[in-house]
Amino acid sequence: QSAGLPVPQIHAWDQTHGFMLLSDLGGQTAIERLDEAQPAAAHAWYLQAVDLLIDWQKASRPGVLPAYDDALLRRELQLFPDWYIARHRAITLTDAQQATLAKAFDTIVAQNLAAPSVYVHRDFMMRNLMVPYDASQPLGVLDFQDAVYGPITYDIASLMRDAFLSWEEDFVLDITVRYWQAARKAGLPVHEDFGDFYRAVEWMGLQRHLKVAGIFARITLRDGKPKYLADTPRFIHYIRTTASRYRELTPLLRLVDQIEGTTPQVGFAYGRV
């Protein structure tokens, strides 16, 4: 709220009984207005989301929110082997496979901790943005209770590699470029080169994808909500796409292929050697 974001107003709070009376931000989430087949129609919604994200990050200062540190990143990553691999896939990793995963996690954590820190919503996506009753008002922001102080790359990765819908790469790049340009103009600590920034976003997104695959497996197996696991193939696709782009992640890609029973595609190029 102090960052200028439209969030629910607390009109009354009965702490003893666990009740709150909150203002109504709208009756429809932004994701309900989107169609993966019509990115042009989604463009304006994403620009609104980018504006909110810039305002949120501009208000950042240390010591207010918990740190998104090494320990938290690793606890989140561990959800993948604990819940997705061991519980959902019922696979026991060999010592060699465990070593591969551990090395990949070390690399992912190191890459992400290298990013400058700002406020991180930690679930900034269209499902948590509310369409206001008054179209002249900005989107409302929900589900910010897990906010932390950490990598500037996290929320834009969360927005563009959504848990519940997927966009083609050209749309993702377009919105991410616009965010990067706005962030630079606002004085936020993003890379000077967009290529370097996008690489950092992909590495941050990879951490989130591994985490969420584990979370969705846990929600299904522990909490009895199987609808979430239906979106797991989306995250495996995200993981494989990112891992295939970076040589350091080739062992992780092979491991995921082994877990999923996927046959990697091999291309052959003919020409001079």
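Note that this is a predicted model, so its numbers are computed, not measured. Starting afresh in each chain, residues are numbered from 1 along the sequence in its written order. Local features are withheld for residues below a pLDDT of 70 in this predicted model, meaning they are given only at 70 or higher, and side-chain atom pairs are given and counted only at 80 or more; totals for whole chains, interfaces and linings count all residues. Computation of side-chain values: all heavy atoms of the structure, hydrogens and water removed.

### Here we look at the packing of aromatic side chains
Only centres within 6.5 Å qualify two rings of Phe, Tyr or Trp (six-membered ring in Trp) as a pair; their planes then separate them into stacked at under 30 degrees, edge-to-face at over 60, and tilted for everything else. Inspection of every chain in the model, using the stated rule, returns 17 aromatic pairs. Their ring planes at 45 degrees and their centres at 6.4 Å tell us that Phe194 and Phe197 sit as a pair that is tilted. Taken together, the residues Phe194 and Phe197, both in helix H6 (residues 194-223) and three residues apart, mark about one turn of the helix. Note on classification: 1.4 Å probe, protein chains only; a residue is buried when its accessible area is under 20% of the maximum for its type, exposed when over 50%, partly exposed between these limits. On the basis of relative accessible area, Phe197 is assigned to the buried category, the value being 0%. Residues Phe235 and Tyr238 carry aromatic rings whose centres are separated by 5.7 Å and whose planes lie at 85 degrees to one another, so their mutual orientation is edge-to-face. Placement of both Phe235 and Tyr238 in helix H7 (residues 232-243) is noted, with a separation of three residues, approximately one turn of the helix. For Phe235, a relative accessible area of 0% puts it in the buried group. Taken together, the aromatic side chains of Phe164, Phe216, Tyr228, Phe235 and Tyr238 make up a single cluster linked through ring pairs. Helix numbers and strand numbers start at the N terminus; a helix is a DSSP run of H or I with at least 4 residues, a strand a run of E with at least 2.

### Points about the side chain of Thr153
Among the secondary structure elements, Thr153 is positioned in the loop between strand S7 (148-151) and helix H4 (154-160). When residues no more than four places from it in sequence are discounted, the contact partners of Thr153 are Ala115, Phe197, Ala200, Val201 and Met204. By definition, residues are in contact when any of their heavy atoms lie within 4.5 Å.

### So, the sheet that holds strand S6 (residues 140-141)
One requirement defines pairing of two strands: DSSP has to find at least two bridges between them. Taken in spatial order, the three strands make up an open sheet running S3-S5-S6, and their pairing is antiparallel. Either end of the sheet is taken by a strand with one partner, and the two such strands are strand S3 (28-29) and S6. Here two bridges tie S3 to strand S5 (residues 129-131), and the two strands are oriented antiparallel to one another. Residue pairing in the sheet places Gln28 in a bridge with Val131 of S5.

### Some points on the confidence of the model for the chain
A score between 0 and 100, pLDDT records how confident the predictor is in each residue. In the predicted model, the chain carries a mean pLDDT of 94, and the fraction of residues at 70 or more is 96%. Note on residues 265-273: pLDDT under 50 across the span, and zero contacts to partners over four residues away in sequence or across chains.

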